[in-house]
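What follows is the residue order along each chain.
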There are 2 protein chains.
Amino acid sequence: MTEFRSVVAETGQPHGESLHVDGPAEVAQACAKADAAFDAYRATAREERAGFLERIAEEILAIGDSLIEAAMAESGLPRARLEGERGRTVGQLRMFADVVRKGQWQQLRIDPAMPERQPLPRPDLRLRMIPVGPVAVFGASNFPLAFSTAGGDTASALAAGCPVVVKGHPAHPITGGLVAQAITRAVAACGLPEGVFQHLVGPSNDLGSALVSDPRIMAVGFTGSRGGGLALSRIAQARDVPIPVYAEMSSINPVLLLPEALKARGEALGSAFVGSLTMGAGQFCTNPGLILAIEGEGLDAFVSAATGSVSQAKPQTMLTAGIRDAYAKGVEALSGCPGVETLARGEEGDRTHGGAVLFQTSGEAFLANKAMGHEVFGASSIVVRCKDEAELARVLAGLEGQLTATLHMDAADESLASRLLPVLERKVGRILANGWPTGVEVCHAMVHGGPFPATSDPRTTSVGSLAIDRFLRPVSYQNLAQDVLPEELRDSAIGDGAPRLIDGTLKLG
Amino acid sequence: MTEFRSVVAETGQPHGESLHVDGPAEVAQACAKADAAFDAYRATAREERAGFLERIAEEILAIGDSLIEAAMAESGLPRARLEGERGRTVGQLRMFADVVRKGQWQQLRIDPAMPERQPLPRPDLRLRMIPVGPVAVFGASNFPLAFSTAGGDTASALAAGCPVVVKGHPAHPITGGLVAQAITRAVAACGLPEGVFQHLVGPSNDLGSALVSDPRIMAVGFTGSRGGGLALSRIAQARDVPIPVYAEMSSINPVLLLPEALKARGEALGSAFVGSLTMGAGQFCTNPGLILAIEGEGLDAFVSAATGSVSQAKPQTMLTAGIRDAYAKGVEALSGCPGVETLARGEEGDRTHGGAVLFQTSGEAFLANKAMGHEVFGASSIVVRCKDEAELARVLAGLEGQLTATLHMDAADESLASRLLPVLERKVGRILANGWPTGVEVCHAMVHGGPFPATSDPRTTSVGSLAIDRFLRPVSYQNLAQDVLPEELRDSAIGDGAPRLIDGTLKLG
């Protein structure tokens, strides 16, 4: 296949012009250009690199409404959501500009020489983080802007000083193309080499495999299915030089309803939960797919309210017909598990629309069947009724790694929450109270990550400023002359605004 | 086999009592205890954990001379070297105590709530690093103290809050046992659970495989051969939950003799080089196994002096007969490569002693044969004579990842050094000038790491305070009540001495 077409999510019909399918030749060329651009790009000063990120933000806004319209057609997501997502995308680029300027990411360290030290003198040692090299970024279907072409992976890799080759998601090639053009304009406007950013697109998985296999690619950012993330990780491990894959894969995001909160507002929690469950047709990595609570009247009220809300839920356009199919199969599998009761199904969808579904089961049944813990991507959730705190703790301990865990709690639940916290910390990347896991703030203290299989690498996050660390590695310089040292490690750079650890003591810029 | 004996390196003869061989049952028991100890250990306050590390240092010193004597017998290394290594081991534990106290490793971040923000309020988000869980540490044969039972991996993992299960190196079981007893005394003296530190030993690789396979182990530290490191990485990747393996594996540590330095002091450099090459029978990860220079009189003088010094070198006891065998085979393979000339062989060793060897070849021949770039663990090195700067650059670009690169240079070499620096940064973890790569300072700005296959993970270091980051991962807390938050993230903890990133601005403690 040499050409393919974009598909309207709502109708499943192709639209727009035929698009070129990138193949192995384009991958090799893009990686060669990225590699050639690496040294020039990583040598940019902090201010220059920050200005480039800000320019990308401006260029994306300058596309105007045609970007929103393209994304609406290709994803089926509503206007307000996509306008918000554009704001998030632009805000994320600006946050990384600020991070780049402040310079803490460089992790500068200086251990001055000690020529008189006994029994041996200490040499002068200095350390900085350098970017790892060209990075492959995989666009995600469910966030055509904020986790795609100019999303968090791209922004953090560019902030780190890494050229980026994006493998655009084939579900939104027009949207991705518009954003790619905006970045390309920013590259040109800032006088950077073309290889700093490149965009490849095509409907086959072979494209991504070729990209991850290319020896010039030094790290990978991915958001998508568990199967996809694991496949890329295997390719990356089998290379002559293995590379890290930061894959954010699957999570069912347990929500714990603690007894006092449930007693006080079980019904209100039930309605609010369905709002989070059905948002964006449930197509969020942080969708609440698992409710855990201890039997009681409060839980009955929650279940009754949630059942009512789900019954009234309208079907929503899903991102692709393939995702709609997988959702239907996942729902079918879950409804067939022994001990699972279907509490409510929203209005039935069709081949492009998915309806909401709510299940319930006992703690015992859930413990007996690992399959109930697998992600069903879409607006499906299961309530697990535990008979007591001990059973709740066993269910938690048996869970796979997750992106988030949510506690609904009142002051009187605090001692139970404190007992559960160490267990939750070992299972998830983010613990939140009295909210819903959907809605991931882009900030400094965010962790959008977590133990396997939520991600392939729990040492990091794909959202928030800490994400820049994924694309950096340390280099140490010993007894280098001032003129040969990288500029930020010279004595003359002290006071440039970046913090430094000098002889073990942290000094602000 | 249920018992084995320690071997005297010098004679190859067994000595001491029969030692118990740990097997699968001991692995399972140790991992269960480590896991059970994890929550209590990670909850220790910074001061308590720092005191524990200092107590380990004291207990090791309290063993007295019997530790040095055991290590001398088992490793064949001389007293002064081992006394120095003990100092390094103890200093490293104290450095990590200081690091733990200062608290920067926690990477505390607070993004306060913004209830009035439009279009949506911002929740309160706080982040800290938590330890990953029980860590498996593999003792290294070549540093029976500083990279073994209480070495850098153990010290950094304990500093991070991770229980440690050491797989002691079978080449020094008596030394390892003495150190393990010292740590166990420190555990008891500090009132910590027994599972915080455990020591397993046995001559078979199955022990290490079982340890890395155990689902309770969450990370691995290893220093040793490429084959060993890759085998452990494969086991770790094949687990239901893959875990990171920090393996420091192989490096030939290129030394670049730049033209002006070579002209000024080729002869002196030749003699000094052989001092570094033969130190510790060449059994250092940072041994200078590759000399790169451009043809000329200076290089002739260097080669002539080095040849003379190597010819006079005495054979030295190697760590084990197995290492001695592998060394002989590596030397044989290198001497048989087309285009390789043997410049000098030191006095011949026997089955426990290795002699020094120096080879030379042309840039062209080296480029044509990847095998010349493989590590020969021991006092073997090869001089690569490049015909010009372009060929030197090609040789550098063709090298695999390395721990170090060394530049011998004068002021007039600075512009060449600056041109080479970006290439070197992509190849190595540490770049040093006018010294020798052996001698790795334990400090804050050290990187003892580097691109594959020098290590399995170039994002980190196994020496120096940055090594603690290997055993940490971030967790984010959203809208948690002050009483439920981890103590260091509460408002009341601000001012406790640890730095915090508050709303993106770094504040000292």
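Model, not experiment: these values are computed from the prediction.

Definitions and limits used
Residue numbers restart at each chain and count upward from 1, following the sequence in its written direction. Labels follow written order: the first chain is A, the first ligand is 1, and so on. Owing to the predicted nature of the model, reporting of local features is limited to residues with pLDDT of at least 70; listing and counting of side-chain atom pairs is limited to 80 or more, with chain, interface and lining totals taken over all residues. The basis for every side-chain value is the complete set of non-hydrogen atoms in the structure, without hydrogens or water. UniProt positions are given in the numbering used here, feature names are shortened, and annotations may be inferred rather than shown by experiment. Put simply, DSSP H or I for four residues or longer makes a helix, DSSP E for two residues or longer makes a strand, and each gets a number counted from the N terminus. We call a residue buried when its accessible area falls under 20% of the maximum for its residue type, exposed when it is over 50%, and partly exposed in between, using a 1.4 Å probe and counting protein chains only. Between any two strands, pairing holds if DSSP finds at least two bridges. Only the stretch in contact is used when fitting a helix axis, every axis being a line fitted to C-alpha atoms; angles between N-to-C directions are given from 0 to 180 degrees. Any pair of residues with heavy atoms lying within 4.5 Å of one another is described as a contacting pair. We call two N or O atoms a polar contact when they sit within 3.5 Å, provided that within protein one can donate a hydrogen and the other can accept it, with sequence-adjacent residues counted only if both atoms are side-chain atoms.

**Here we look at the UniProt feature "domain: Aldehyde dehydrogenase" (unreviewed entry) in chain A**
So, point 1. UniProt's feature table lists "domain: Aldehyde dehydrogenase" (unreviewed entry) at residues 22-440 of chain A, given in the numbering used throughout.
So, point 2. Helix makes up 48% of residues 22-440 of chain A and strand makes up 18%, while its end C-alpha atoms are separated by 33 Å.

**Concerning unusual backbone geometry**
Residues and elements named next belong to chain A.
So, point 1. In this structure, P453 follows F452 across a cis peptide bond, with omega equal to 5°.
So, point 2. Within the fold, P453 resides in the loop between β18 (428-433) and β19 (472-478).
So, point 3. Despite not being glycine, N253 has its phi angle at roughly 50°, a positive value.
So, point 4. Using a relative accessible area of 0% as the deciding quantity, one classes N253 as buried.

**A closer look at the sheet that holds strand β3 (residues 108-111) of chain A**
So, point 1. The strand order across the open sheet built from 12 strands is β21(A)-β20(A)-β3(A)-β4(A)-β19(A)-β18(B)-β17(B)-β10(B)-β11(B)-β16(B)-β15(B)-β13(B), with neighbouring strands paired in mixed fashion. If you trace the sheet from one side to the other, it starts and ends with β21 (505-507) of chain A together with β13 (341-345) of chain B, each paired once. Each neighbouring strand pair of the sheet contributes to a mean axis angle of 20°, computed without reference to strand direction.
So, point 2. Across three bridges, the pairing between strand β20 (residues 500-502) of chain A and β21(A) is antiparallel. Across the sheet, the residue bridging to A:L501 is A:L506, located in β21(A).
So, point 3. Sheet strands in contact with helix α14 (residues 414-427) of chain B are β4 (125-131) and β19 of chain A together with β10 (254-257), β17 (402-408) and β18 (428-433) of chain B, and its direction is about 150° off that of β18(B).

**Quick look at the environment of A:G363**
All names here are of chain A.
So, point 1. On the secondary structure map, G363 appears in helix α12 (residues 363-368).
So, point 2. Here G363 falls in the buried class, since its relative accessible area comes to 0%.
So, point 3. Separated by 29 residues in the primary sequence, G363 and L392 have C-alpha atoms spaced 7.2 Å apart.
So, point 4. The contact partners of G363, leaving out residues within four places of it in the chain, are V384, R385, C386, E391 and V395.

**Examining the side chain of A:R500**
Residue and element names in this part refer to chain A.
So, point 1. Assignment of secondary structure puts R500 in strand β20.
So, point 2. For R500, a relative accessible area of 2% gives the class buried.
So, point 3. Of the polar contacts made by the side chain of R500, one reaches the backbone oxygen of A498; its length is 3.0 Å.
So, point 4. In this view, R500 contacts L108, I110, E488, A493, I494, G495, T505, L506 and K507; residues no more than four positions away in its chain are not counted.

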